[in-house]
Amino acid sequence: MKQLLPGLILLLWASLCSSCSPTPADTTSTIRIRWARDPENLDPLIVDNPSSNETINLLHCSLLRTSEAAHGFAPWLAAAVPTTQALNDSLQLVTYQLRPEATWDNGSPVLARDVAFTLKVMNCPGLPIEIAQAHYGVIRDIRLDPKDSRRFTLVVASQDVGTSGDYSILPEYALDPQGKLRAVSVPELRRQQQPALAAEFARRYQSLNLARHPERAPGCGPYRLVKWQSGRSLTLQRKANWWADKISTPPAVLQAYPERLTFQVIPDAGTATLALRRGELELYAMMPAGEFARLQQSATDTERLQFYTTDSYQFLTASFNVRQPALQDRLTRQALTHLFDVPALIQASQQGAAYPSVGLISPRLKPYYNDSLPLPDFNPAQAVRLLQQAGWQRSATGSWQRGTTAQPVLLKLRVSYRAGEPSFETAALQFRAAAAALGISIELRPTEPSLLSRQVRAGDTDITISNLSGQPFSYDFTSLLHSSSVGVSNFTGFSNPAADALIEQLVATQQPARKTVLLRRFQRLLAQERPFTVLYFLKHRIAASRRLGPIPVTGLKPGYEAARIRPYPCRLNKGLWQGGRCCAIPSGRCSRLGYLYPACFCSVAPTLTRILSCKILRKETAAYSPQPTRSAPPNSCCGGTGWICPCSTLP
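Note that this is a predicted model, so its numbers are computed, not measured.

Strand order in this open sheet of 3 strands is E13-E14-E15, and the pairing throughout is antiparallel. Strand pairing shows two members of the sheet lacking a second neighbour, strand E13 (393–394) and strand E15 (408–410), which therefore form its edges. Inspection of the sheet shows E13 paired to strand E14 (residues 400–403) by 2 bridges, in the antiparallel sense. Of the residues in E14, the one forming a bridge with Arg394 is Trp400.

Another point: the packing of aromatic side chains. Using the criterion set out here, one finds 13 aromatic pairs in the structure. Here the aromatic rings of Phe117 and Phe201 are separated by 5.8 Å at their centres, their planes lie at 85°, and the arrangement is edge-to-face. In this pair, Phe117 is assigned in helix H2 (residues 112–121) and Phe201 in helix H6 (residues 195–207), connecting sequence segments 84 residues apart. By the burial criterion, Phe117 is buried, and Phe201 matches it. The cationic tip of Arg65 hangs over the ring face of Trp76; the distance from NZ or CZ to the ring centre is 4.6 Å. Directly above the aromatic system of Tyr257 lies the positively charged group of Arg566, at a separation of 4.3 Å from the ring centroid.

Attention now goes to helix H13 (residues 422–437). Think of an α-helix as 3.6 residues a turn; residues three or four steps apart then line up on the same face. With 16 residues, H13 should cover 22 Å at 1.5 Å per step; its first-to-last C-alpha distance of 23 Å lies within 8% of that length. Residues of H13 that are buried include every one of Ser423, Phe424, Ala427, Ala428, Gln430, Phe431, Ala434 and Ala435, and no others. Angularly, the buried residues of H13 cover 165° about the axis, an arc narrow enough to put them on a single face. Summarising the geometry of H13, the exposed residues directed more than 90 degrees from the buried face are Ala436 and Ala437. Among the residues trailing H13, Gly439 stands out with phi positive, at a value near 85°.

Cut-off values and rules
- Residues numbered from 1 in each chain as written.
- Predicted model: local features only at pLDDT ≥ 70, side-chain atom pairs only at ≥ 80, totals over all residues.
- Heavy atoms only, no water.
- Pairing = 2+ DSSP bridges.
- Helix = DSSP H or I, 4+ residues; strand = E, 2+ residues; numbered from the N terminus.
- Phe/Tyr/Trp six-rings, centres within 6.5 Å; stacked < 30°, edge-to-face > 60°.
- Buried < 20%, exposed > 50% of the residue type's maximum accessible area, 1.4 Å probe, protein only.
- Lys NZ or Arg CZ within 6 Å of the ring centre and 35° of its normal.
- Expected span 1.5 Å × (residues − 1).
- Arc of directions from axis to C-beta.

Right, dumping it as structure tokens:
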């Protein structure tokens, strides 16, 4: 669920840069990123919001990780993509080999028994395993290789290999130091055959309070938690000796460069934009389109900031709580869908940079996208007809009701959304105006994120406007829409036997032709039932300080890879790195860590002209050649624009 070339470990340069004027908070060792909400809970078993997911992916590693570059899942803790073998019509064997370099923070190796332990935790009665079961309940057992402690085979009731390895691996040494869970198997825990043993472990696990103290279960990821001020900020520190540093040419998933990552919780979009402009933030993802466009039109901002736009798999939805009396029938939900003016919303809140969809499959994913279905249209007259078919009648006062005279059900709805998000508010206001024109009473409920999450879980909502996110490599909708997940992760309460059957069939097939047929059927069923309405797919918009260098952007949420950001080793002077001046360094020897300095130091710091050799800088990637490529004249700048000089060569 849940990146590692030994990167440049950057220090606080404010004291070194004599020709720069950094803000007091400026450091190149820390990257400051905006979050819209707090993680709230960092127990690996309970990953239920984007901030907690991003944090867990930096603290822990899973066997596999989604990767756009790999067009699927890339090995993370796994040494390679697992091999598969059919066991019978419903089960397959998935065999993994763990990386030999992988170790825990105490130096002990990550072994197959840690994977077995993790699966047992995810199946242990008495623990909050509902979310894990909704996602990974298809893993039925694990078989350890008696001859190789890093090799194991999973018994999986799914043809989706990604599901078998996309969960954080937990440290047995920290959570079960006496190895008590080794005495029980995964199937026994699933069948609750060892209640006393399970109950004892569950009590120990719960007593650790990992939700607030994730350091008590140290992961094997590149970062550790050093500070968490709930609702304000969270800071991660890169581990000095992370195991992937031993790999000479690590893949992208094993790269981690920033020394420190600080995520600042700023729910209000306008406040976050102001913080970015002031230099209090350095990366703002999913920026509202209006703010994004205004910054791009400002000469001052474009001098200091860089901008990225990429297609995403994130979409804006209006979710209906089908357990509410007024929303239990599909005709009413279809009628309300016709009150959203999607083209107008795209123009108003996204500056036209979004695209409508018939459902939760992106139009970019052909042939899976069901283009035979009509896009939702703004049609109040059709909404009235559907309401009447659903049994609603308009009273003399203009309101809508149905049922008996003694106990009428009123069509009076609440629309909930996260406060401070312009796109949510725009959709809610447009919907309320359209509904009011028909006599439907709508109460808007902008809500603080953590409170909204609790209300959604408790079913205390009618319509919720929010962003949902998917990815193009796995089509398991169990947690979102299967009846078994109602109250766990299926918060619309939608329960439909035909939908359940399609979801289960999708999980059981990897044949593209068969998957195409099933996905198209599933989209048609959802268009009829309308547990939620997809308004449009978003584009990721990222604004970032030029100091951070090129941002590794992705269509997967959150839209960037924080661990792979490689900041330039000096604060920008007027935002000009290519052909511009950089910060000067006072006289004196460089750090023993071998930092790299752009050649323009030579022109502003005479003490650096005695450079013996240089390495070429590819500006577009900030990469450097591993060997010296040119000797510099004794009293000249080393190579001119585009060259950088390793500190270790200074006399």
